[in-house]
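Fold and contact review
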Amino acid sequence: ELRSFGFVRAFGAWRLHNAHVSSSHLVDAFLAAGRRGSFFVSAHNPIETSDHARLQPIVAPAGIARHATHGLLCSGAMCDQHHYSASLHPPKARVAFGSTFYEYLGAIAVFGDATDEAALLLEAHQRNLAKRHGVHVACVTPDRNGALVRRPPATCASLLAAALLRVRTQDQGDLPDLDAQANGSPE
């Protein structure tokens, strides 16, 4: 978590922004809906150092804005900013994180009948992944029995391609069980 390095994404310091969700929250919400479909979550725009314009240092002066879950984030004019500003925020320490964080999550859910709109949304999701240097972080698809299954992130790209193919061809059959295939089991 970026907070352990003393930083927060700029939108995380908005006083009215209280929807701090993770990929796990998104997947849990999709599963709780109980509808058959496919769901893909991706992370976009890598953040590898503290020089990233969307990162703000966490501050601790008097009169601090506190978020109920995330705690100390910002004070006064430092809140509600889209980017780091040297004129508003304290200096940032220069930190190379050693692992990659991402600026934001993107998600797409496809329910029910295959439609042209679903194909357009899936294609846009694929293009966004490439354009924003994104990575798949979670996905849920039905297995051959119709049960929704959390899939390993490594299988999400293949499952997204399969979902797009299914929508393009109007095939309402189940997506292939790529987990079984990956383990050498027959489908």
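That block above? That's the structure.
Now for a quick tour of the structure. (Residues numbered from 1 in each chain as written. Predicted model: local features only at pLDDT ≥ 70, side-chain atom pairs only at ≥ 80, totals over all residues. Heavy atoms only, no water.)

Taken together, the four strands give an open sheet; going across it, the order is β6-β2-β7-β8, and neighbouring strands pair in antiparallel fashion. Lying at the two open borders of the sheet, with one neighbouring strand each, are β6 (96-111) and β8 (148-151). Strand after strand, the sheet turns through a mean of 15° between neighbouring axes, direction not considered. Where strand β2 (residues 37-49) meets β6, 11 bridges bridge the pair, whose relative direction is antiparallel. The partner of threonine 49 across the bridge, within β6, is alanine 96. (Pairing = 2+ DSSP bridges. Helix = DSSP H or I, 4+ residues; strand = E, 2+ residues; numbered from the N terminus. Axes fitted to C-alpha atoms, helices over the stretch in contact; angles between N-to-C directions.)

Our next topic: the pattern of salt bridges. Per the counting criterion, the structure on display carries three salt bridges. Residue arginine 94 is joined to aspartate 51 by a salt bridge in which the shortest nitrogen-to-oxygen separation is 3.1 Å. On the criterion of sequence distance, the pair formed by arginine 94 in the loop between β5 (71-74) and β6 and aspartate 51 in the loop between β2 and β3 (55-57) is long-range, its members being 43 residues apart. By relative accessible area, which is 70% here, arginine 94 ends up exposed. (Salt bridge = Lys/Arg side-chain N within 4 Å of Asp/Glu carboxyl O. Buried < 20%, exposed > 50% of the residue type's maximum accessible area, 1.4 Å probe, protein only.)

On to helix α2 (residues 116-131). If you check α2, its first and last C-alpha atoms are 22 Å apart, about what 16 residues at 1.5 Å a residue would give, namely 22 Å. Contacts made by the buried residues of α2 are with β2, β6, β7 (135-142) and α3 (153-168). In the segment just after α2, histidine 133 is the residue with positive phi, at about 55°. (Expected span 1.5 Å × (residues − 1). Contact = heavy atoms within 4.5 Å.)

Another point: the packing of aromatic side chains. Summed over all chains, the structure comprises six aromatic pairs. Between phenylalanine 7 and phenylalanine 97, the ring centres sit 6.1 Å apart and the planes meet at 75°, which makes this aromatic pair edge-to-face. Linking phenylalanine 7 in strand β1 (residues 7-9) with phenylalanine 97 in strand β6, this pair joins segments that are 90 residues apart in sequence. A residue is classified by how much of its surface remains accessible, and phenylalanine 7, at 2% relative accessible area, is buried. Summarising the aromatic geometry, the rings of phenylalanine 97 and phenylalanine 101 are spaced 5.3 Å apart at their centres and angled 85° between planes, so their arrangement reads as edge-to-face. For the pair phenylalanine 97 and phenylalanine 101, one class covers both residues: buried. Through a chain of ring-to-ring contacts, the aromatic side chains of Phe5, Phe7, Phe97 and Phe101 assemble into a single cluster. If you follow arginine 35 out to its NZ or CZ, it ends over the ring of phenylalanine 111, 4.0 Å from the centre. We note lysine 92 situated over the ring of tyrosine 84; from NZ or CZ to the ring centre the distance is 4.5 Å. (Phe/Tyr/Trp six-rings, centres within 6.5 Å; stacked < 30°, edge-to-face > 60°. Lys NZ or Arg CZ within 6 Å of the ring centre and 35° of its normal.)

One can find histidine 125 in helix α2. Spatially, the C-alpha atoms of histidine 125 and glycine 106 are 8.1 Å apart, while their sequence positions differ by 19 residues. If sequence neighbours within four positions are ignored, histidine 125 has contacts with Phe40, Ser42, Gly106, Ala107, Ile108 and Leu160.

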